[in-house]
Amino acid sequence: MKAIIPVAGVGTRLRPFTTTVPKPLLPVAGKPILAHILDSLLSAGIDEIVLVTGYMGDKIQEYVEKNYNVKAQFVEQEETLGLGHAVLIGLEVCNEEPVMIALGDTIIEVGFQDVITSGKNSIGVHYVEDPRRFGVVELDGDRVIGMQEKPEHPKSNMAITSPYFFKNSSILRNALDTLIEKDIKTRGEYQLTDAMRIMLENGEEIYVTQIKGWFDCGTVETLLTTNHHLLEHVPLPEPQENAVLIPPVYIGEDATIEHSVIGPNVSIGENAVIRESVIADSILGNSVEVEHALLKGSVLGNESSYRGSYRKMILGDHSEGGYYEG
């Protein structure tokens, strides 16, 4: 079975990190966002993936080919015209087979295998307090009877998340073709929600799957929240000499930690060097160097460095930061 994963977004809300790394490859709880998604899909029996790339697509392709032994196809979305458009490009390499769609910047906790074996068209949903930023479903039991895309006046609080499962991908493709042919857009983009609404109007049935955990990694704040949650499922690292680890924490291979207190809720990448520092609620990338620092709620990109005092730091890859009192 194929899974389509749109990964073409620029990730403007996560700059400066996404100036050098595509959003799906940003680290959270010890591995890239995309790795969490792929691991879940492959463990459920998905044996072929279609990645719809765009911004820094070469880096995504390089990562997948280096780290995964799976049949993978990479198709480019040359213009970012919306999720519906991205999925349509991915469907060009599909026939009438069932297909799973998972968003490349969202980590979810769901039984993918249960979704597949149900044999029903289905979409993941999650209750939210303010659904105006999301696609929203109207329900009759667990059957979808209506949809809205980012409505000003939502008819429910059930936001559409991911995954999407369609038992016949050609029916979805026909609905997406209709969007393009009639130039049906919502907020200037071709939306997957609008295509599913066309499917409903044509008599197709779509059901919902309740999502246990839903982590949209679109901002620094949500990235840190996701890191906190996922670390609770990560095994405890080996004790470090001359360091105190307060779980949950993740320590990458060949990282050096000396005379420091790490945790809780901290992930540190490979080959990082931490000396005489206290770090909590933070994500530090590969080959980061931190000395004489007190950091909380911080994100430091790969190969960045910081020396200084207590503060919240947001440093992109290859950046330097420091604070000294004279």
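Asker: When you look at empty space enclosed by the protein in this model, what are you seeing that I'm missing?
Answerer: It is a probe the size of a water molecule, rolled over the atoms, that shows where empty space is left. This model, assessed by the stated rule, comprises one cavity of 30 Å³ or more. A volume near 60 Å³ is recorded for the largest cavity. Elements supplying a minimum of two residues to the lining of the largest cavity: α1 (33–43) and β7 (106–109). Among the residues making up the lining of the largest cavity, the classes are represented as six nonpolar, four polar and no charged.

Asker: Explain the nonpolar core to me, please; I cannot follow it from the model alone.
Answerer: Nonpolar side chains in soluble globular proteins tend to end up buried together. If you look at the biggest cluster of nonpolar residues, it comprises 48 residues, and the most contacted ones within it are Leu 34, Leu 41, Val 64 and Met 100. Sort the elements by how many residues they give to this core and α1 lands first, with six residues. Contact partners of Leu 34, with chain neighbours within four places excluded, come to Ile 5, Val 7, Pro 24, Leu 25, Leu 51, Ile 60 and Val 64. Counting 35 residues, the second-largest nonpolar core is a separate cluster that includes Leu 88, Met 147, Leu 176 and Leu 192.

Asker: Help me understand helix α2 (residues 57–67) in this model?
Answerer: In an α-helix, one full turn covers 3.6 residues, which means residues spaced three or four apart are oriented alike. Burial in α2 covers these residues: Gly 57, Ile 60, Tyr 63 and Val 64. For α2, the angular spread of buried residues about the axis comes to 125°, placing them on one side. Residues of α2 that are exposed and point over 90 degrees away from its buried face: Asp 58, Glu 62, Glu 65 and Lys 66.

Asker: Sorry, what's going on with the pairing of strand β10 (residues 143–149) here?
Answerer: The two faces of a sheet get side chains in turn, since along a regular strand they alternate between them. Most of β10 sits out of view: five of its seven residues are buried. As paired elements, strand β9 (residues 135–140) and β10 share six bridges and run antiparallel to each other. Residue Glu 138 lies in a different strand from β10, and its bridge partner there is Gly 146. The hairpin formed by β9 and β10 contains two residues between the paired strands, and Gly 141 there has a positive phi angle of roughly 70°.

Asker: Which parts of the structure should I look at to understand helix α6 (residues 192–201)?
Answerer: The buried fraction of α6 amounts to eight of the ten residues, a majority that puts the element mostly inside the structure. Listed as buried for α6 are Leu 192, Thr 193, Asp 194, Ala 195, Met 196, Ile 198, Met 199 and Leu 200. Elements that come into contact with the buried residues of α6 comprise α3 (83–91), β8 (122–127), β9, β10, β11 (158–166) and α5 (169–182). Just downstream of α6, Gly 203 is the residue with a positive phi angle, here 95°.

Definitions and cut-offs
- Residues numbered from 1 in each chain as written.
- Predicted model: local features only at pLDDT ≥ 70, side-chain atom pairs only at ≥ 80, totals over all residues.
- Heavy atoms only, no water.
- 1 Å grid on protein atoms, 1.4 Å probe; cavity = no way out; pocket = protein on both sides within 12 Å on 5 of 7 lines; lining within 4 Å.
- Points joined across faces, edges and corners; volume = space filled by probe spheres on them.
- Helix = DSSP H or I, 4+ residues; strand = E, 2+ residues; numbered from the N terminus.
- Nonpolar A, V, L, I, M, F, W, Y, C, P; charged D, E, K, R; others polar.
- Core = buried A, V, L, I, M, F, W, Y, C linked by side-chain atoms within 4.5 Å.
- Buried < 20%, exposed > 50% of the residue type's maximum accessible area, 1.4 Å probe, protein only.
- Contact = heavy atoms within 4.5 Å.
- Arc of directions from axis to C-beta.
- Pairing = 2+ DSSP bridges.

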